[in-house]
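# Inside the fold
Each chain is listed here by its residues.
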Amino acid sequence: MLTRLAQVVTVLAILCSLAAPQASAQPEFGPEYTQTQFGPMGPAGRDMLVKVRLAGLWEGPAGRLGLEKSANPLVKEAGRHLINGHAELDAKVLELGRTLNVPLPSESNADQKGWIAEMTNAPAGSAEFDRVFANRLRAAHGGVYKFLAVVRTGTRNTLIRDFAKRCMEVVLDHIQVLEATGMVDFTDTEAIPLAALAAAPVSPAPVPTVPQAVPTVPRTQNIAQENGSDGSDAILGVVVMVAVVGGIYLWTGGRPRRSRSSRQ
C-alpha cells in the first residue's frame, strides 16, 4: 500500500511541475539597446537626453535676453522661468549623460542659433522682440513636450522615465508663462498646430459609436500564450485523471475484483 501511494504521489508531483507556468524569458532587444542597472537604454532615451541638452543651450540664453531686452514685465517673468528651469535640467542631463554613457552636445544647432539671432537683432523694448521671444519659445516647447510624453510612455529605463516626467513639468511651466505674456500667436498653426478634434468640422448627423481599438499584441506572443494555455489545460486534465485512477486503485487495494462464480 505505501509503495503504491508513493508511486502515485511521485507521478502527481511530476505532472504538477510540468503544469506550472514557466517563467517568461527576458525580452530581447536589438543591437541599438544597451542594458543598464536602470533598465534597457534605447535610441529614444538617448535622443531625449540630446534634445534636452540642446534646449538648454539656447533657451537659457533666450531667457537672459528676455530679462535684458524686454520692457514687458510678463516677458521678463517668462525669462526668469526659462533661466531657472533650464539651469536645473542642464545639471541633471549632464549627470545622466555621464551615468548612461551618452555623449551630449556642447553647442546649440543652426536653427537654434538662428532664433537667438532673431531675438538679438530685434529692437530692445519693442513689441517685435516680445513677439519673437514668445512665439519662437512657445513653438519649441510645444514640440518638445509632445516628444517627452512619447518617451515617458514607452521607456523601460527608470532614470529616463523619471527625468522625462520632470522635464515635462518644467516645459509645461514654460509654456504657461510664455502664453501668459499675451504675445503668442495661436493663428500660426504651423508653429502651434490646432488639436485634430478642434480643427475637425462638426457634423449634425449622429455618429455611430465605434468600439475602442484593442491594443495589438505581437502574433508570436499570442501564439505563445495560446500554446501555454492549451498545454497547461491538457496537463491539468491528465493530473486529474491520474488522481482519480490512483484514488480508485488505492481504495480497492490494488486487487482485481473476483467474479461471483469464483466466490461460490
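Reference entry: report on the structure contained in this document. Predicted model only: the values in this text are computed from it and were never measured. (Residues numbered from 1 in each chain as written. Predicted model: local features only at pLDDT ≥ 70, side-chain atom pairs only at ≥ 80, totals over all residues. Heavy atoms only, no water.)

### Quick notes on the overall build of the protein
- In terms of regular secondary structure, the protein is built from nine helices and zero strands.
- Its helices and strands taken in sequence order, the protein reads α-α-α-α-α-α-α-α-α from the N to the C terminus.
- The buried share among the 264 residues of the protein stands at 29%.
- Of all intrachain contacts in the protein linking residues separated by at least 6 positions in sequence, the fraction that spans at least 24 positions is 76%.
- Here the protein has roughly 17,100 Å² of accessible surface; of this, 60% comes from carbon and sulfur atoms. (Helix = DSSP H or I, 4+ residues; strand = E, 2+ residues; numbered from the N terminus. Buried < 20%, exposed > 50% of the residue type's maximum accessible area, 1.4 Å probe, protein only. Contact = heavy atoms within 4.5 Å. Areas by Shrake-Rupley, 256 points an atom, 1.4 Å probe, with all protein chains shown as cover.)

### Regarding the nonpolar core
- Counting residues in each nonpolar core, the largest one holds 19 residues, and the members touching the most others are M48, L49, V52, L148, I160 and F163.
- Elements with a contribution of two residues or more to this core: α2 (43-69), α3 (73-99), α5 (127-154) and α6 (158-179).
- Sort the elements by how many residues they give to this core and α6 lands first, with eight residues.
- Apart from residues lying up to four places away in sequence, V52 is in contact with L89, D90, V93, L148, F163 and C167.
- V75, A122, F133 and L137 belong to the second largest nonpolar core, which has 15 residues in total. (Core = buried A, V, L, I, M, F, W, Y, C linked by side-chain atoms within 4.5 Å.)

### Quick notes on the pattern of salt bridges
- Scanning the entire structure with this criterion turns up ten salt bridges.
- The salt bridge involving E88 is made with R166; its shortest N-O contact spans 2.7 Å. With E88 in helix α3 and R166 in helix α6, the pair connects residues that are 78 residues apart, well separated along the chain.
- Judged by relative accessible area, R166 falls into the partly exposed class, the value being 34%.
- The shortest N-O distance in the salt bridge between K113 and E107 comes to 2.5 Å.
- Ionic contacts of the salt-bridge type, sharing partners, join the residues E88, K165, R166 and E169 into one network. (Salt bridge = Lys/Arg side-chain N within 4 Å of Asp/Glu carboxyl O.)

### Examining the environment of T34
- Within the element layout of this structure, T34 appears in the loop between α1 (2-19) and α2.
- Along the sequence, T34 and L100 sit 66 residues apart, while their C-alpha atoms lie 9.4 Å from each other.
- The residues touching T34, leaving out its near neighbours within four places in the chain, are G39, P40, M41 and R46.

### Notes on the packing of α2 against α3
- Running from N to C, α2 and α3 point in directions that differ by 150°, and their axes come no closer than 8 Å. Considering the angle they form, α2 stands roughly antiparallel to α3. Handedness of the crossing formed by α2 with α3: left-handed.
- Among the residues making up the contact of α2 with α3, the classes are represented as eleven nonpolar, seven polar and six charged. (Axes fitted to C-alpha atoms, helices over the stretch in contact; angles between N-to-C directions. Parallel < 35°, antiparallel > 145°, perpendicular 65-115°, else oblique. Left-handed = near helix turned anticlockwise from the far one by under 90°. Nonpolar A, V, L, I, M, F, W, Y, C, P; charged D, E, K, R; others polar.)

### Describing unusual backbone geometry
- The phi angle at N101 is positive, at roughly 60°, despite the residue not being glycine.
- A relative accessible area of 67% means that N101 is categorised as exposed.

### Regarding the side chain of K69
- Summarising the element assignment, K69 is placed in helix α2.
- Buried charge K69 goes without a salt bridge, the closest partner of opposite sign being E68 at 8.0 Å.
- A polar contact of 2.9 Å, which involves the side chain of K69, links it to the backbone oxygen of M119.
- Within polar-contact distance, the side chain of K69 engages the backbone oxygen of T120 at 2.7 Å.
- If we skip the residues at most four places from it in the chain, K69 touches M119, T120, N121, A122, P123, A124, G125 and F129. (Lys, Arg positive; Asp, Glu negative; His and termini not counted. Polar contact = N/O pair within 3.5 Å; in protein donor to acceptor, adjacent residues only side chain to side chain.)

### Structural notes on the environment of L74
- For L74, the position within the fold is in helix α3.
- In this structure, the C-alpha to C-alpha distance between L74 and M183, residues 109 residues apart in sequence, is 9.8 Å.
- Setting aside chain neighbours within four positions, we find L74 in contact with A180 and T181.

### With respect to the packing of aromatic side chains
- As enumerated under the stated definition, the model contains two aromatic pairs in all.
- On the numbers, 5.0 Å between centres and 55° between planes, the contact of W58 with W115 is tilted. Placement of W58 in helix α2 and of W115 in helix α4 (residues 110-121) is noted, with a sequence separation of 57 residues between them.
- By relative accessible area, which is 24% here, W115 ends up partly exposed. (Phe/Tyr/Trp six-rings, centres within 6.5 Å; stacked < 30°, edge-to-face > 60°.)

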